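Tertiary structure, described
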Amino acid sequence: MNNEKKYNVDSFNLDHTKVTAPFVRLAAKKVGEKGDVVTKFDIRFCQPNVQAMPTGAIHTLEHLTAEYIRDEMPNEVIDLSPMGCRTGFYFTIWGDHDEAYVANHLLNVLKKVAVWDKPIPATTAKECGNYLDHNLEGAKYWAKAWCDGIEAKGWNCYK
């Protein structure tokens, strides 16, 4: 009999010691009463329990990625939210999509973020709840690291 505890939160059931960042992992798929499909992905930038993004870097990465992924996937994006552990993001979209589909779109956006040379969007007190805590160089570093890792090993976290 398996006595392993199962939690309501998908990521609490993930064995964080067996995955290799960076990766894209299908975390959940829900079908609504009217047949609408919502899919959530775990987008990991850092190796769990080894690395974590500083708050300014993850905040800036969120601003840039959340804004520009909507250009890349205009009718699909619901939300991009940073993880509390600061190792990545949850990415929620409309539709029944797989990891490779999401990884390819994110790769397009993060390649742009890695060389970003414009102002960070929405960084005033009116637009952002913590507008002073941004780090563009950190965001660019993590975007490049994610792209390099995904291109080297693919999107799968178990490779």
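A quick note: this is a predicted structure, and the numbers were derived from the prediction, not measured. (Residues numbered from 1 in each chain as written. Predicted model: local features only at pLDDT ≥ 70, side-chain atom pairs only at ≥ 80, totals over all residues. Heavy atoms only, no water.)

Next up on the list: unusual backbone geometry. For residues that are not glycine, phi is negative in most cases, and the peptide bond is trans in most cases. For the peptide bond that leads from A21 to P22, omega is 0 degrees, which places it in the cis range. Along the chain, P22 falls in the loop between helix 1 (10-13) and strand 1 (23-31). You will see that N49, though not glycine, has its phi angle at about 65 degrees, which is positive. Positioned with a positive phi, A122 is a non-glycine residue whose angle comes to about 60 degrees. Among the structural elements, A122 can be located in the loop between helix 3 (99-114) and helix 4 (136-153). What makes A122 partly exposed here is its relative accessible area of 31%. (Helix = DSSP H or I, 4+ residues; strand = E, 2+ residues; numbered from the N terminus. Buried < 20%, exposed > 50% of the residue type's maximum accessible area, 1.4 Å probe, protein only.)

A few words now on the packing of aromatic side chains. Under the criterion given, the structure shown has five aromatic pairs. Residues Y68 and W116 carry aromatic rings whose centres are separated by 5.0 Å and whose planes lie at 40 degrees to one another, so their mutual orientation is tilted. Separated by 48 residues along the polypeptide, Y68 in helix 2 (residues 55-72) and W116 in the loop between helix 3 and helix 4 bring together distant segments of the chain. The exposure class of Y68 is partly exposed, given its relative accessible area of 25%. A network of ring pairs unites the aromatic residues F45, F89 and W146 as a single cluster. A cation over a ring is seen here: K40 above Y90, with NZ or CZ 4.8 Å from the ring centre. Positioned above the aromatic ring of W116, the side-chain terminus of K118 is 4.9 Å from the ring centre. (Phe/Tyr/Trp six-rings, centres within 6.5 Å; stacked < 30°, edge-to-face > 60°. Lys NZ or Arg CZ within 6 Å of the ring centre and 35° of its normal.)

Between its first and last C-alpha atoms helix 2 spans 25 Å; for 18 residues at 1.5 Å apiece the expected length is 26 Å, and the two agree. G56, A57, I58, H59, T60, L61, H63, L64, T65, A66 and I69 are the residues of helix 2 that are buried. Close packing links the buried residues of helix 2 with strand 3 (77-82), strand 4 (88-94), helix 3 and helix 4. (Expected span 1.5 Å × (residues − 1). Contact = heavy atoms within 4.5 Å.)

For the pair helix 2 and helix 4, the least separation of the axes is 7 Å and the interaxial angle reads 75 degrees. Taken together, the axis directions place helix 2 and helix 4 in an arrangement best described as roughly perpendicular. Contacts between helix 2 and helix 4 involve A57, T60, L61 and L64 from the former and L136, G138, A139, W142 and A143 from the latter. Considering only residue class, the contact of helix 2 with helix 4 consists of seven nonpolar, two polar and no charged. (Axes fitted to C-alpha atoms, helices over the stretch in contact; angles between N-to-C directions. Parallel < 35°, antiparallel > 145°, perpendicular 65-115°, else oblique. Nonpolar A, V, L, I, M, F, W, Y, C, P; charged D, E, K, R; others polar.)

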